[in-house]
Amino acid sequence: MTSVARLADTPGLRAVRASLTPLTLVAPGPGHVVLQTASRQDFRRGNALHVDGAVQPQELARWRQAFAERLGHLGGIDHVEVRWETDASFADAGTYAQRLATAAHELDLTIERWTVMALDDEPRPVVPLTAGVEVVRAGRDEHWWGVRALRISDAGGDGGFWTWRTDQLRELATHGRGGAWLAYRYGVPVGSAGVWRDGAGTAAVDDVVTHAVHRRLGIASHLVAVASGAHREAYPDDRLLLLVDHGSDAERLYARLRFVAVGTVWGATAAGSAPPGRR
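Thresholds, definitions, all that
- Residues numbered from 1 in each chain as written.
- Predicted model: local features only at pLDDT ≥ 70, side-chain atom pairs only at ≥ 80, totals over all residues.
- Heavy atoms only, no water.
- Helix = DSSP H or I, 4+ residues; strand = E, 2+ residues; numbered from the N terminus.
- Rg over C-alpha atoms; globule rule 2.2 N^0.38 Å.
- Buried < 20%, exposed > 50% of the residue type's maximum accessible area, 1.4 Å probe, protein only.
- Contact = heavy atoms within 4.5 Å.
- Lys, Arg positive; Asp, Glu negative; His and termini not counted.
- Charge placed at Lys NZ, Arg CZ, Asp CG, Glu CD.
- Expected span 1.5 Å × (residues − 1).
- Salt bridge = Lys/Arg side-chain N within 4 Å of Asp/Glu carboxyl O.
- Core = buried A, V, L, I, M, F, W, Y, C linked by side-chain atoms within 4.5 Å.
- Axes fitted to C-alpha atoms, helices over the stretch in contact; angles between N-to-C directions.
- Parallel < 35°, antiparallel > 145°, perpendicular 65-115°, else oblique.
- Left-handed = near helix turned anticlockwise from the far one by under 90°.
- Phe/Tyr/Trp six-rings, centres within 6.5 Å; stacked < 30°, edge-to-face > 60°.

It is worth spelling out the overall build of the chain at this point. Check the secondary structure of the chain and you find seven helices and eleven strands. Relative to its length of 279 residues, the chain is compact, with a C-alpha radius of gyration of 18 Å against a globular reference of 19 Å. Scored against the burial criterion, the 279 residues of the chain give a buried share of 53%. Summarising the internal contacts of the chain: among those between residues at least 6 apart in sequence, 73% fall at separations of at least 24. Between the mean site of the 31 positive side-chain charges and the mean site of the 32 negative ones, the chain shows a separation of 2 Å.

Glancing now at helix α6 (residues 219–234). When the terminal C-alpha atoms of α6 are compared, their 23 Å separation across 16 residues agrees well with the 22 Å that a helix rising 1.5 Å per residue should span. Those residues of α6 lying buried are I219, A220, S221, H222, L223, V224, A225, A227, S228, H231 and R232.

In this section: the pattern of salt bridges. If you walk through the whole model with that rule in mind, you get 14 salt bridges. Close ionic contact of D141 with R170 constitutes a salt bridge, the shortest N to O distance being 2.9 Å. Taken together, the residues D141 in helix α4 (residues 141–155) and R170 in helix α5 (residues 159–174) connect sequence positions 29 residues apart. By relative accessible area, D141 is classed as partly exposed at 38%. Using a relative accessible area of 27% as the deciding quantity, one classes R170 as partly exposed. One continuous salt-bridge network, built from bridges that share partners, spans R44, E81, R83 and E112.

One can find D167 in helix α5. Distance from D167 to V16, taken between C-alpha atoms, is 18 Å for residues 151 residues apart in sequence.

With that out of the way, let us pick up the nonpolar core. Formed by 27 residues in total, the largest nonpolar core has its most connected members in L60, V82, W84 and W266. Among the elements that line this core, the one with the most residues is helix α3 (residues 93–106), at six residues. Residues within four places of L60 in sequence aside, it is in contact with V55, W84, L100, A103, A104, L107, I111 and A268. One finds L13, A18, W196 and V265 within the second-largest nonpolar core, a separate group that totals 23 residues.

Moving on: the packing of α4 against α5. Running from amino to carboxyl end, α4 crosses α5 at an angle of 135 degrees, the nearest separation of the two axes being 9 Å. The orientation of α4 relative to α5 falls into the category oblique. Viewed along their axes, α4 and α5 form a crossing whose handedness is right-handed. When α4 is examined against α5, the residues D141, W144, V147, R148, R151, I152 and A155 are found in contact with a partner set consisting of G159, W162, T163, T166, L169, R170 and A173.

Counting across every chain of the model gives seven aromatic pairs. Consider the rings of F43 and F161, whose centres lie 6.2 Å apart with planes at 55 degrees: the pair is tilted. Of this pair, F43 sits in the loop between β2 (32–36) and β3 (48–51) while F161 sits in helix α5, and the two are 118 residues apart along the sequence. With respect to burial, F43 and F161 carry one shared label: buried. Ring centres 5.2 Å apart and planes at 70 degrees place the aromatic pair F43 and W164 in the edge-to-face group. Here F43 is found in the loop between β2 and β3, whereas its partner W164 is found in helix α5, with 121 residues between them in sequence. Each member of the pair F43 and W164 is classed as buried. Three or more aromatic residues joined by ring pairs form one cluster here, namely F43, F161, W162 and W164.

Structure, rendered in structure tokens:
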């Protein structure tokens with residue numbers, strides 16, 4: 001049986017929580033914290049359970065029940081979102097993932113696996129493979145409209161949700177909790193990326209989007225390098241992290257920018273009709 005020691009710290013889960021505003025209540029429980037955003041019950045990231053130790057396959061049913069007990073009183077919750085973390089010392093992750101998937105299938109859950117990456121040095125500069133690209137930090141209404149439009153083009157769903165979420169990110173930026181950067185190509189917003197900090201030493205690169213028509217031109221790499229460099233200069237003591245789908249092209253892309261894998265965030269999820277609210 002795969003055995004995983006209880007974690008002393010969960011930097012990946014802290015990165016997930018870095019872009020939450022005070023509208024999300026973070027409350028402790030035995031072996032976990034619960035995130036509750038009563039005003040937006042369709043916000044999956046903000047209505048979730050974060051377990052502070054690794055979840056064994058036979059424990060999935062218990063944690064699904066704990067999610068229902070802690071969040072079931074909110075009538076609009078129609079998803080399941082339970083997350084936990086293992087660090088880089090964890091061996092045999094492949095077997096663990098297979099056992100999780102088998103147990104999750106019996107519970108109508110899906111297992112998600114994200115690699116947690118940390119910036120190991122100054123980000124490597126990247127020049128886009130096309131002319132006419134300019135990166136600006138969001139500061140005006142039209143910038144935030146661009147952020148919202150790119151999120152809708154990437155994830156779809158309810159435009160009202162993305163208006164709300166963009167307003168939340170703008171509030172974080174206004175209060176010194178990070179910022180969003182936009183890439184314009186010939187004056188049109190074609191990509192965005194955010195860096196959000198929890199004020200306790202962790203910052204997260206998040207919400208990286210490139211419009212489908214402008215992908216594979218190095219725009220996302222350029223954006224992340226610029227945003228990461230700006231944050232590192234402003235907050236040199238923050239640990240800068242990001243989460244990417246395990247084994248994805250994005251993981252290899254960020255490795256070229258000098259991000260290194262430091263752990264894994266796992267999830268047992270069931271999607272409702274709401275937007276995922278993760279990226």
